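Summary of the model geometry
Next come the chains, spelled out residue by residue.
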Amino acid sequence: MATTIPNSLLKYSGTSSISDLLQSSSNGVNGVPLKSLGKTTRLGSSSLIRRRDLSVSALIKKGKKKDEHPWPEDADPNVKGGVLSHLSHFKPLKTKPKPVTLDFERPLMDLEKKIIDVRKMAQETGLDFSDQIIMLQTKYEQALRDLYTHLTPIQRVNIARHPNRPTFLDHVINITDKWVELHGDRAGYDDPAIVTGLGTIDGQRYMFIGQQKGRNTKENIQRNFGMPTPHGYRKALRMMYYADHHGFPIITFIDTPGAYADLRSEELGQGEAIAFNLRTMFGLKVPIVSIVIGEGGSGGALAIGCANKLLMMENAVFFVASPEACAAILWKSAKASPKAAEKLKITAPELCKLGICDGIIPEPLGGAHADSAWTSQQIKIAVTEAMAELKKMDVPELLNHRMLKFRSLGGFQEGLPVEPEKKVNMKQKEEPIVQREEISKSSDIELEGEVEKLREQIMKARESSTELPKLGMDEMIEKLKREVDQEYAEAAKAMGLTDSLNKLRDEFLKSRKSSEQAMDPSLVEKIEKLKADFNLGLSEAPNYASLTYKLDMLKEISKAKKLSEQNEKAMTLKQEFNKRFKEVMNRADVKKKIEALEADIASARGSKDETLVKALKEKIVKVKKEVEFELADVLKSLRLDVDVVKSKTKALNEQIPLPDIKYRIDELNEDINEGIEEAISSTDLKNKIELLKLEMVKAGKTPDAEAKNKIDALKQQIKQKLAEVLASSSLVEKHANLKEEIAQAVEDSGESDESILKEDLRYGDSGVGIAAGRIYS
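A quick note: this is a predicted structure, and the numbers were derived from the prediction, not measured.

**Notes on helix 23 (residues 588–604)**
Here helix 23 contains 17 residues, and its C-alpha end-to-end distance of 24 Å stays within 8% of the 24 Å for a straight helix at 1.5 Å per residue. Among all positions of helix 23, only V590, L597 and A604 are buried. Along helix 23, the residues classed as buried sweep out an arc of 65 degrees about the axis, all on the same side. Seen from the open side of helix 23, the exposed residues pointing more than 90 degrees away from its buried face are A588, K592, E595, E598 and S603.

**Concerning the packing of helix 20 (residues 498–511) against helix 21 (residues 521–537)**
Between helix 20 and helix 21, the least distance of the axes is 11 Å, while the angle of their chain directions is 155 degrees. Here helix 20 is positioned roughly antiparallel relative to helix 21, judged by the angle of their axes. The handedness of the crossing between helix 20 and helix 21 is left-handed. Contact residues: helix 20 offers S500, L501, L504, E507, F508 and S511, while helix 21 offers L523, K526, I527 and L530. Within the contact of helix 20 with helix 21, the residues separate by chemical class into six nonpolar, two polar and two charged.

**So, the packing of helix 6 (residues 168–175) against helix 15 (residues 372–390)**
Helix packing geometry: the angle between the two helix axes and the distance between the axes. Helix 15 packs onto helix 6 with a crossing angle of 70 degrees between their chain directions and a minimal axis gap of 9 Å. Overall, the two elements helix 6 and helix 15 adopt an arrangement that is roughly perpendicular. Judged by residue contacts, D170, H171, N174 and I175 of helix 6 engage S372, A373, T375, S376, Q377, I379 and K380 from helix 15. Across the contact of helix 6 with helix 15, the residue classes tally to three nonpolar, six polar and two charged.

**Some thoughts on a negative patch on the surface**
Together, D128, D131, D704 and E706 make up a region of like negative charge exposed at the surface. Here E706 is to be found in helix 28 (residues 705–727).

**Details of unusual backbone geometry**
Leaving glycine aside, a negative phi is the common case for residues, and trans is the common case for peptide bonds. Residue S298 is not a glycine yet carries a positive backbone phi of 55 degrees. Mapped onto the elements of the fold, S298 is located in helix 11 (residues 298–302). Phi at K332 takes a positive value of approximately 60 degrees, unusual for a residue other than glycine. Of the residues examined, K332 reaches a relative accessible area of 54% and is grouped as exposed.

**Some words on the packing of aromatic side chains**
Inspection of the entire model under this criterion finds nine aromatic pairs. On the numbers, 5.1 Å between centres and 45 degrees between planes, the contact of F168 with F253 is tilted. Here F253 lies in strand 4 (residues 250–256) and F168 lies in helix 6, a separation of 85 residues in the sequence. Its relative accessible area of 0% is what places F168 among the buried residues. Among the residues examined, F253 registers a relative accessible area of 0% and is labelled buried. Ring pairs connect the aromatic residues F168, W179, Y206, F208 and F253, which therefore count as one cluster. One cation-aromatic arrangement involves R279 over F276; the distance from NZ or CZ to the ring centre is 4.7 Å. A cation over a ring is seen here: K405 above F406, with NZ or CZ 5.9 Å from the ring centre.

Definitions and limits used
- Residues numbered from 1 in each chain as written.
- Predicted model: local features only at pLDDT ≥ 70, side-chain atom pairs only at ≥ 80, totals over all residues.
- Heavy atoms only, no water.
- Helix = DSSP H or I, 4+ residues; strand = E, 2+ residues; numbered from the N terminus.
- Expected span 1.5 Å × (residues − 1).
- Buried < 20%, exposed > 50% of the residue type's maximum accessible area, 1.4 Å probe, protein only.
- Arc of directions from axis to C-beta.
- Axes fitted to C-alpha atoms, helices over the stretch in contact; angles between N-to-C directions.
- Parallel < 35°, antiparallel > 145°, perpendicular 65-115°, else oblique.
- Left-handed = near helix turned anticlockwise from the far one by under 90°.
- Contact = heavy atoms within 4.5 Å.
- Nonpolar A, V, L, I, M, F, W, Y, C, P; charged D, E, K, R; others polar.
- Patch = residues over 30% accessible without salt bridge, like charges linked within 9 Å, V, L, I, M, F, W, Y side chains within 5 Å.
- Areas by Shrake-Rupley, 256 points an atom, 1.4 Å probe, with all protein chains shown as cover.
- Salt bridge = Lys/Arg side-chain N within 4 Å of Asp/Glu carboxyl O.
- Lys, Arg positive; Asp, Glu negative; His and termini not counted.
- Charge placed at Lys NZ, Arg CZ, Asp CG, Glu CD.
- Phe/Tyr/Trp six-rings, centres within 6.5 Å; stacked < 30°, edge-to-face > 60°.
- Lys NZ or Arg CZ within 6 Å of the ring centre and 35° of its normal.

Any functional reading would require information that these geometric values do not contain.
Following this line, the structure appears as structure tokens:
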């Protein structure tokens, strides 16, 4: 390698002819023969000039040696893709990306949390919960499968935008044997939002061009969130020319919300760069396959998407405008994005029906980020199959195939006469969406005012004990029901379930030809499934807030009406009973009995004859029973169930100081509570209680025989331990003493003491029952 040293850095010594000094640089140094390089001497007198020796000294600038490389000194030569792969800016992330849960995936998180909790419990306790874990995992997988096989368009949009979704470089590194990234547009800038490079798949070279998003916030800022500038599209154009010249098939990966639309990009010719790419791609003589791996937005995606075959990932979307932008334009609100996503037909299945997409690449349940390696292999299979088909075509056939793909899109025809009926229909303009929204808002405000007025009337009626405005409530309930039905219909329309709902309604009407005919089980399953899908996506509907508000109003008014009807019925019964009671008490035979009884009581007042007093008491009880039976007949005539209850504690209340007895019973109950708490806090009993809880959790709602026997054995051990602890204390003696005092107090009345003991002394002899109840709950 020739080395050039500036003359200003040379210092000559020795003699040389002028012709030698002016020799060419073929020997290595400009103007200086290499054979004359020797010891350094200074240029001196003429005698020194006659000498043939010449020495050269040069100032060498510090820098890299000629054998140094831009990759690390300890670079692995066996790295996939070769040593040149060290030049790529794309490196593995140092930290694992944080899991992100989408809104519609939140119901699955409860099941996942249960699985984690059970595993943690199994590790902590050492018990075997494998059956419960398998059951929960099966339930989780089934819920995941049901969710991801019935995704709405807006849910697919959210999956396509998932922060952890694999990027272009993730897929390229997984599917290529060797990969070298190529940089720059040769105009002064290397746009990081578009990445290009050469790679091999099964020994075949391909040119890869793709839009690259970041895997975290820092990378997204560096990659400009996958939105290319004109430099990026010109870099892609340069690589297309390169691939066309060398005969490399082109594979493009689309993943962008759109081209970067800032002032600087427009000044640099954003539209011209995209248009130039569109025109050029239709003339390239090599096969082109495009894959939409995320979201493909507008011309920013189409600038590298004019291919012979366009493939889409299962949860990818391809649109002319994002659902949010479309909703903001048509409905003046981004909340209508679910409806816009449905109308735009942006998902892979819909685009396949329209002929825009040529194939769908499957994704694992949960999206591509759930298993990026498997997803990359599916891309590799799809690409190799598509390229094998295209390589069979010669150049004219390949160009014609690409042209016809785009010429066949759409179904509009010019020059055909329009039918008169259609002309009339075309003249009828649809009512503006804005006006509809204003009408809806005004109707909601009017409805809210009516409800508030009715609410005030109900409050006034309750305060003044007057009749509630029943007619107004009935009208308002019917009006709210109509409003709620309309809101449900709008929600179903926004979620794209209207057609399914109408179809299912028709099936239901056909299956129910007669009222006695049983419903088909498959139809019941379809109804339940549609109901689950509707409930799952209801919170995402644009009118969800309005629907919930009207439902709350309907529930409130319905509840007020129900209470009004109950109060009205109770008042009617009360008035009727009072009327019948007066009739009974005013009857001649009843009046005669009561007057005779009052006379006997007056004559016996002050008498000390125990026989007379006892006979009078029996007569009072007899008359009372007769009157009660008369009143019971009255209540039965009003269709009310009557139980004549005999008072058992009246004599006890009259003869013993009940407050003192109740105070002592409460005191004993407190002592029993303290004893139970002390017993439960003991280490041995506490361990048994924890073990019982674990066994009950492990057994679930339907325990088998073995689990049930374990649980019963543990319960019996806990009860026995509690009985031993409480029996060793003074509580049993206190309870026995109090029981004897109560028995002595009620002995004169002839009543049994069982009722008061059961009513007030709740814990029995040992207090085990209440303690066990606390433990099991």
